[in-house]
Protein chains: 2
Amino acid sequence: MKIIIALGGNALIKKGEKETYSNLLKNIKKTCSSIIPFIKNNKVVITHGSGPQIGNLLLQNEIARKKVPEMPLDVLNAESEGLIGYLLQEQLSNEIHKRKMHKNVVTLLTEVLVSKNDPAFKNPTKFIGPFYTKKQAIKLKNKFIIKKDSNRGYRRVVASPKPIKIIEGSLIKELVNSGHIVIAAGGGGIPVASKNKRLTGVKCVIDKDLASSCLAKEIKADLLLILTDVDKVYLNYGKKNQKGLSRLNLRDAKKYLKEGHFAAGSMKPKIEASIDFVEHGGKKVIISGINSVEKALKGNNRTIIKKT
Amino acid sequence: MKIIIALGGNALIKKGEKETYSNLLKNIKKTCSSIIPFIKNNKVVITHGSGPQIGNLLLQNEIARKKVPEMPLDVLNAESEGLIGYLLQEQLSNEIHKRKMHKNVVTLLTEVLVSKNDPAFKNPTKFIGPFYTKKQAIKLKNKFIIKKDSNRGYRRVVASPKPIKIIEGSLIKELVNSGHIVIAAGGGGIPVASKNKRLTGVKCVIDKDLASSCLAKEIKADLLLILTDVDKVYLNYGKKNQKGLSRLNLRDAKKYLKEGHFAAGSMKPKIEASIDFVEHGGKKVIISGINSVEKALKGNNRTIIKKT
């Protein structure tokens, strides 16, 4: 079976944890050990988020800007693909060799095509980077678009356009079909757009679940496995009447999405990615927790999303 | 023909230039346009240095360390592979498509095995990162090894051990043999060492020319093309009696190296890499300038290094 495993942020760093090298390494080691059961008999591509990491790179760029020229968002995404991809590939290889399996792990820098006419550019909604006070926010208004992030302060927002095509899609397909484990489209991929027949980077971020479904379609994956910090999809999540769904069909998924059951930037893009994949020939999406995922999939702690 | 093109630092940023995104992009565009003539009829792997970029990442980490946990050198190398690899792959693809050629460009995060027993760890000599005053240097002595860098100030030194094996070597070979252009071993590769049968990162840097010859041997390249900021190899370089060499055999290369003709961290590792490659079955090394390299190779502005 050909699987895309989309790792959520908690695969790298747990909520509230300091993002030190040793914490990253500890979590990534654990994550790699959890997904090992899928590696042996399947063709696997791994994608991952990078929100906190990009946030840190942004903050470093901002604080050091008088000494080191700041790099734009697309370059920071490339840096985060390096950072996370390396640690994932290193630790996954270690887990593979420990079990005397023979598989290569390879990380591909991945560019993802977006359209400059995407409506997201007219109404940026994706919060990134550090929080600012109101005073700082006013000062930064010429440089960034700043919005209030609930009660936590002011923050930069950027567009999160729809991924159209994975530039390295055919190569990823070739590699995974040859039996290699491929880490790709980290952080949703490096956003690029076409201008005068050349691709150049765009200052925005792409949702990693939507990039994963885009890639899943291109490599003709059998399964999109989205691993996150809840064990399954819930209706009325966090409320008294919350209800876990162990199965979900396309029609219901669309209905619940429309009814606003799924939080923006959290479960919503996962459901949108699932709908996109299943609607375009994908057989199955599974959404589950990252911890003891093998056990979860054997039991009922997951949501299976299929066409019917 | 199978070629490794090793790009020197001036392929990315010129001496004295500010390392802004626009300067990087401008230089990389030009570099890609220069190497296009080699792309069409050959199998090509591109390697590159990343000294100034790692220096900048180090500086950002240091300045922002109270807000963002610092990452170790191996992770910064991975970040720089992301940063530079992305821009190289993007611009090289643009130049390829402009000429209606059909080649994929792919960047692989590359780990390189070093030995923890390498003598370099006992006597670190590679200067990296920002300059410090004597006062700052004394303060940092518990954290880093600091040495005086000629008259320019104090600087951190790290070990530069010998590359033993390119971890992704077989994959790079597979990809380049299939006709893809591969960008790999950026900045000399991410240094890793084996401990209890697991690979983990090492806080050091690997010379990119030595990593390139290591890779050239593994993929059985026909030619190692080292592009730098001089047009050829010189004896008594920079002196009144300097003498350019258009050809160099293995015996003379070793002799001149021993005589101290080649500067450490500059021409010396290039000659060492050349000797290493030619001595282990490599047919030919060419050292030349990055500008108008095609013309240079047709004329006499290059040094060809062969066994005899």
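Visitor: Would you take a moment to explain helix α3 (residues 73-98) of chain B for this structure?
Guide: Counting along an α-helix, one turn takes 3.6 residues, and residues three or four places apart therefore face a common direction. If you check α3 of chain B, its first and last C-alpha atoms are 37 Å apart, about what 26 residues at 1.5 Å a residue would give, namely 38 Å. Burial runs high along α3 of chain B: 24 of the 26 residues are buried.

Visitor: Any chance you could explain the packing of helix α2 (residues 51-63) of chain B against α3 of chain B here in plain terms?
Guide: Packed helix pairs are characterised by how far apart their axes lie and by the angle those axes make with each other. All names here are of chain B. Contact geometry for α2 and α3: axes closest at 9 Å, N-to-C directions at 125 degrees. The angle between α2 and α3 places the two elements in the oblique class. Like other packed secondary-structure pairs, α2 and α3 cross with a definite hand, here right-handed. The residues of α3 that touch α2, namely those facing Gln53, Ile54, Leu57, Leu58 and Asn61, are Leu73, Leu76, Asn77, Glu79, Ser80 and Ile84.

Visitor: Hey, could you run me through the nonpolar core in this one?
Guide: Within soluble globular proteins, side chains that are nonpolar tend to cluster in buried spots. Core analysis: the largest hydrophobic core is formed by 92 residues, its most contacted members being Ile271 of chain A together with Ile271 of chain B. Judged by nonpolar contacts, the second largest core, of 51 residues, contains Leu109 and Val192 of chain A together with Cys32 and Val105 of chain B.

Visitor: Teacher, can you tell me more about the pattern of salt bridges here?
Guide: Opposite charge on two side chains makes pairing possible when the charged atoms of those side chains draw close. One pass over the structure, following the stated rule, counts 30 salt bridges over all chains. Here Lys217 of chain A and Asp276 of chain A are joined by a salt bridge, their closest N and O atoms 3.0 Å apart. Highlighted residues: Lys217 of chain A in helix α6 (residues 208-218) and Asp276 of chain A in helix α8 (residues 267-279), separated in sequence by 59 residues. On the basis of relative accessible area, Lys217 of chain A is assigned to the partly exposed category, the value being 28%. On the basis of relative accessibility, which here comes to 17%, the residue Asp276 of chain A falls in the buried class. When the shortest N-O distance is used, the salt bridge between Lys283 of chain A and Asp222 of chain A registers 2.8 Å. Of this pair, Lys283 of chain A sits in the loop between α8 and β16 (284-289) while Asp222 of chain A sits in the loop between α6 and β12 (223-228), and the two are 61 residues apart along the sequence. Beyond isolated ion pairs, a larger network of salt bridges with shared partners links Glu95, Lys98 and Arg99 of chain A together with Arg198 of chain B.

Visitor: Looking at this model, I keep getting lost on the relation of the copies chain B and chain A. Mind explaining?
Guide: Note: a rotation about an axis with an accompanying shift along it relates these two copies of the chain. Least-squares fitting of chain B to chain A yields an RMSD of 0.0 Å, with the superposition described by an axial translation of 0.0 Å and a rotation of 180 degrees. Each copy turns onto its partner about a two-fold axis. Of the residues that chain B buries at the interface, 100% are likewise interface residues in chain A, meaning the two copies contact each other through the same surface.

The rules behind the values
Residues numbered from 1 in each chain as written. Chains lettered and ligands numbered in written order. Predicted model: local features only at pLDDT ≥ 70, side-chain atom pairs only at ≥ 80, totals over all residues. Heavy atoms only, no water. Helix = DSSP H or I, 4+ residues; strand = E, 2+ residues; numbered from the N terminus. Expected span 1.5 Å × (residues − 1). Buried < 20%, exposed > 50% of the residue type's maximum accessible area, 1.4 Å probe, protein only. Axes fitted to C-alpha atoms, helices over the stretch in contact; angles between N-to-C directions. Parallel < 35°, antiparallel > 145°, perpendicular 65-115°, else oblique. Left-handed = near helix turned anticlockwise from the far one by under 90°. Contact = heavy atoms within 4.5 Å. Core = buried A, V, L, I, M, F, W, Y, C linked by side-chain atoms within 4.5 Å. Salt bridge = Lys/Arg side-chain N within 4 Å of Asp/Glu carboxyl O. Least-squares fit on C-alpha atoms with pLDDT ≥ 70 in both.

Such coordinate-based values are descriptive only and should not be taken to indicate function.
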